[in-house]
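Spelled out, the chains give:
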2 protein chains.
Amino acid sequence: MNTPLDSFDELLPGQRFDYGSFRLSEAEIITYARDFDPQPFHTDPEAARAAPLFGGLVASGLHTMGMCFGMIMRSGIWTRISLGGSGIDTKWPAPLRPDEEVAVASVVESVKASRSRPEMGVAMVRHLGTRVADGVVVIDMLGTHFLKR
Amino acid sequence: MNTPLDSFDELLPGQRFDYGSFRLSEAEIITYARDFDPQPFHTDPEAARAAPLFGGLVASGLHTMGMCFGMIMRSGIWTRISLGGSGIDTKWPAPLRPDEEVAVASVVESVKASRSRPEMGVAMVRHLGTRVADGVVVIDMLGTHFLKR
């Protein structure tokens with residue numbers, strides 16, 4: 001299933017890739033957030049209890065993004081064809097708490113050959129992180145990817 | 001200028017906040033990308049020279065996001081009122097190369113009281129990272145933020 005893609009032309013709308021799952025410990029959440037998103041509900045378990053929307057420590061959404069992309073890229077599926085990207089529209093429909101298991105998958109939304117660059121195509125790919133315990137989506141990212149033909 | 005906000009109600013569309021600037025070294029770019037976005041044009045300066053769109057090492061867009069949010073949150077402007085967020089629509093109009101200086105700023109796009117939660121409001125805020133040398137925007141993030149009234 002995780003065979004590396006050799007060309008943009010192998011992609012079809014609806015195609016799905018599964019990468020396995022990850023968890024973030026409280027310590028990992030705090031370490032990341034201290035550098036990249038220092039807010040009490042990401043860095044201080046005590047203060048986070050008083051956070052009106054979360055009531056406890058939650059992962060920075062940027063950390064969740066990075067964990068997903070780490071898995072997506074380490075799968076090797078995209079390595080031969082990924083040329084870069086120009087945008088990601090990200091939603092966090094639910095918070096991610098320490099030690100919750102998140103399954104990561106991608107679904108191809110659309111594919112389009114590039115007019116200006118015949119050697120590449122543009123794919124819109126939705127990347128999803130789903131909490132395994134209850135199927136709730138914790139991150140939904142629609143990425144614009146430039147891929148080698 | 002960087003006085004902490006005390007309430008969502010102090011925000012007005014068009015308001016702008018400036019946070020200073022950052023640079024990412026080659027080593028920092030590689031360290032981040034190994035964990036969160038392992039692609040040759042983010043992790044291997046040699047291989048990156050052959051990258052068709054970049055022709056050299058560039059920062060992971062996720063790293064640029066994190067650097068901006070680190071500065072935004074450390075400014076203290078949002079600390080008293082930030083309750084969390086539900087999404088960020090991010091574009092990377094130009095690549096960020098090692099040691100380029102990036103100035104970070106936010107502009108309030110819109111504000112709306114929450115109907116279901118009178119104690120908070122929702123602000124759409126555009127966060128921009130601009131290359132100081134030539135004024136080119138390298139990251140443009142439109143965030144949906146929940147803020148205390």
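All residue numbers here refer to positions counted from 1 along the written sequence of the relevant chain. Each chain gets a letter, beginning with A, and each ligand a number, beginning with 1, in the order they are written. pLDDT decides what is reported in this predicted model: residues at 70 or higher carry local features, side-chain atom pairs at 80 or more are listed and counted, and totals for whole chains, interfaces and linings draw on all residues regardless. Here the side-chain values reflect all heavy atoms present in the structure, with hydrogen atoms and water set aside.

- An unreviewed UniProt entry lists chain A under the name Acyl dehydratase, from Roseococcus suduntuyensis.

## Notes on the interface of chain A and chain B
Working step 1: The contact definition used throughout considers only heavy atoms, calling two residues in contact when any of these lie within 4.5 Å. The partner chain B presents 33 residues to the 33 residues of chain A that form the contact.
Working step 2: Reported buried area values correspond to the accessible surface (1.4 Å probe) lost by two parts on association, with both partners' losses combined. Of the roughly 2,800 Å² buried where chain A meets chain B, counting both sides, 65% is carbon and sulfur surface.
Working step 3: If you sort the residues of chain A by the area they bury against chain B, A:Phe36, A:Leu53 and A:Leu83 come out on top, with a joint share of 20%.
Working step 4: Here a salt bridge means any side-chain nitrogen of Lys or Arg lying within 4 Å of a carboxyl oxygen belonging to Asp or Glu. Counting across the chain A and chain B interface gives zero salt bridges.
Working step 5: Pairing of N or O atoms within 3.5 Å defines a polar contact, subject to two protein rules: one partner must be a possible hydrogen donor and the other a possible acceptor, and residues neighboring in sequence count only if both atoms are side-chain atoms. Our count for the chain A to chain B interface comes out at 13 residue pairs in polar contact (both at pLDDT 80 or more).
Working step 6: For helices the rule is a DSSP run of H or I covering at least 4 residues; for strands it is a run of E covering at least 2, with both sets numbered from the N terminus onward. Where the side of chain A that touches chain B is concerned, the elements lending two or more residues are helix H1 (26–36), helix H4 (61–74) and strand S2 (82–91) of chain A.
Working step 7: Among the residues making up the side of chain A that touches chain B, the classes are represented as 17 nonpolar, nine polar and seven charged. Side-chain classes follow a simple rule in which Ala, Val, Leu, Ile, Met, Phe, Trp, Tyr, Cys and Pro form the nonpolar group, Asp, Glu, Lys and Arg form the charged group, and the remainder, Gly included, forms the polar group.

## Focus: the packing of aromatic side chains
Working step 1: Stacked, edge-to-face and tilted labels apply to pairs of Phe, Tyr and Trp rings (six-membered ring for Trp) whose centres lie within 6.5 Å, assigned for plane angles under 30 degrees, over 60, and everything in between, in that order. In total, this model carries nine aromatic pairs over all chains according to the counting rule given.
Working step 2: Their ring planes at 70 degrees and their centres at 5.3 Å tell us that B:Phe17 and B:Trp78 sit as a pair that is edge-to-face. Linking B:Phe17 in strand S1 (residues 16–22) with B:Trp78 in the loop between helix H4 (61–74) and strand S2 (82–91), this pair joins segments that are 61 residues apart in sequence. Accessibility assignment for this pair places B:Phe17 and B:Trp78 in one class, buried.
Working step 3: Where B:Tyr32 meets B:Phe36, the ring centres are 5.0 Å apart and the plane angle is 50 degrees; that geometry is what we call tilted. Placement of both B:Tyr32 and B:Phe36 in helix H1 (residues 26–36) is noted, with a separation of four residues, approximately one turn of the helix. An identical accessibility class is assigned to B:Tyr32 and B:Phe36; each is buried.
Working step 4: Taken together, the ring pairs in this structure connect A:Tyr32, A:Phe36, B:Tyr32 and B:Phe36 into an aromatic cluster. Type-normalised accessible area, obtained with a 1.4 Å probe on protein chains alone, sets the label of each residue: buried when under 20%, exposed when over 50%, and partly exposed for intermediate values.

## With respect to the relation of the copies chain A and chain B
Working step 1: When the copies are superposed, the least-squares fit takes in the C-alpha atoms of residues with a pLDDT of at least 70 in both. Least-squares fitting of chain A to chain B yields an RMSD of 0.0 Å, with the transformation described by 0.0 Å of translation along the axis and a rotation of 180 degrees. Such values leave the two copies arranged in the relation of a two-fold axis. Closest approach to the rotation axis among the C-alpha atoms of chain A is made by A:Asp89, whose C-alpha sits 2.0 Å away.
Working step 2: Taken as a fraction of all interface residues of chain A, those also at the interface in chain B reach 100%, which identifies the copy contact as same-surface.

## As for H4(A)
Residue and element names in this part refer to chain A.
Working step 1: In this model H4 runs 20 Å from its N-terminal to its C-terminal C-alpha over 14 residues, within 8% of the 20 Å that 1.5 Å per residue would give.
Working step 2: A large share of H4 lies buried, amounting to 13 of its 14 residues.
Working step 3: At the exit of H4 stands Gly76, carrying a positive phi of roughly 85 degrees. Residue count minus one, scaled by 1.5 Å, sets the expected span of a helix.

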